[in-house]
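# A look at the structure
One letter stands for each residue in the lines below.
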Amino acid sequence: METGAARESPGARMQRFHQALAAGDHEAALGIVDALLADFPTQVPLYLHRARTLHALGRLPEARAAMDRVVELRGEHGPTLLYRAELRALLGEDPEQDL
């Protein structure tokens, strides 16, 4: 879990998220985005970042769950459904549910 986040602006926290990703520290990036989601639970871009970070960590079921939340918040959106279908295929599920 990240510390000192309450004193940082959301923009500064996102900058740290991107720095962690660039450094290949996906666990740190996940902690940052999860803390942001605790503060901003309806921000679709944060769920997209969470899904991609979980995907990079090989945590595909959790990545798909994050994409499920994106669909709940945003509705049917082509690129969102396509990425969720890709995750379904990687999990051995039927990707055509989203196509």
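Presented here is an overview of the structure given in this document. (Residues numbered from 1 in each chain as written. Predicted model: local features only at pLDDT ≥ 70, side-chain atom pairs only at ≥ 80, totals over all residues. Heavy atoms only, no water.)

## Some remarks on the environment of Ala 51
- If you trace the backbone, Ala 51 turns up in helix H3 (residues 44-56).
- Between the alpha carbons of Ala 51 and Ala 65 there is a distance of 7.9 Å; along the sequence they are 14 residues apart. (Helix = DSSP H or I, 4+ residues; strand = E, 2+ residues; numbered from the N terminus.)

## Considerations on the side chain of Thr 53
- Here Thr 53 shows up in helix H3.
- For Thr 53, a relative accessible area of 1% translates into the label buried.
- A polar atom in the side chain of Thr 53 sits 2.8 Å from the backbone oxygen of His 49.
- If we skip the residues at most four places from it in the chain, Thr 53 touches Phe 17, Leu 21, His 26, Ala 29 and Leu 30. (Buried < 20%, exposed > 50% of the residue type's maximum accessible area, 1.4 Å probe, protein only. Polar contact = N/O pair within 3.5 Å; in protein donor to acceptor, adjacent residues only side chain to side chain. Contact = heavy atoms within 4.5 Å.)

## Considerations on the packing of aromatic side chains
- Considering all chains together, one arrives at 0 aromatic pairs under this definition.
- Directly above the ring of Tyr 83 sits Arg 52, whose terminal nitrogen or CZ lies 5.8 Å from the centroid. (Phe/Tyr/Trp six-rings, centres within 6.5 Å; stacked < 30°, edge-to-face > 60°. Lys NZ or Arg CZ within 6 Å of the ring centre and 35° of its normal.)

## What about the pattern of salt bridges?
- Inspection of every chain in the model, using the stated rule, returns 10 salt bridges.
- Asp 39 is the salt-bridge partner of Arg 13, the closest N and O atoms lying 3.0 Å from each other. Highlighted residues: Arg 13 in helix H1 (residues 10-22) and Asp 39 in helix H2 (residues 26-39), separated in sequence by 26 residues.
- Take Asp 39: its relative accessible area is 45%, and that puts it in the partly exposed class. (Salt bridge = Lys/Arg side-chain N within 4 Å of Asp/Glu carboxyl O.)

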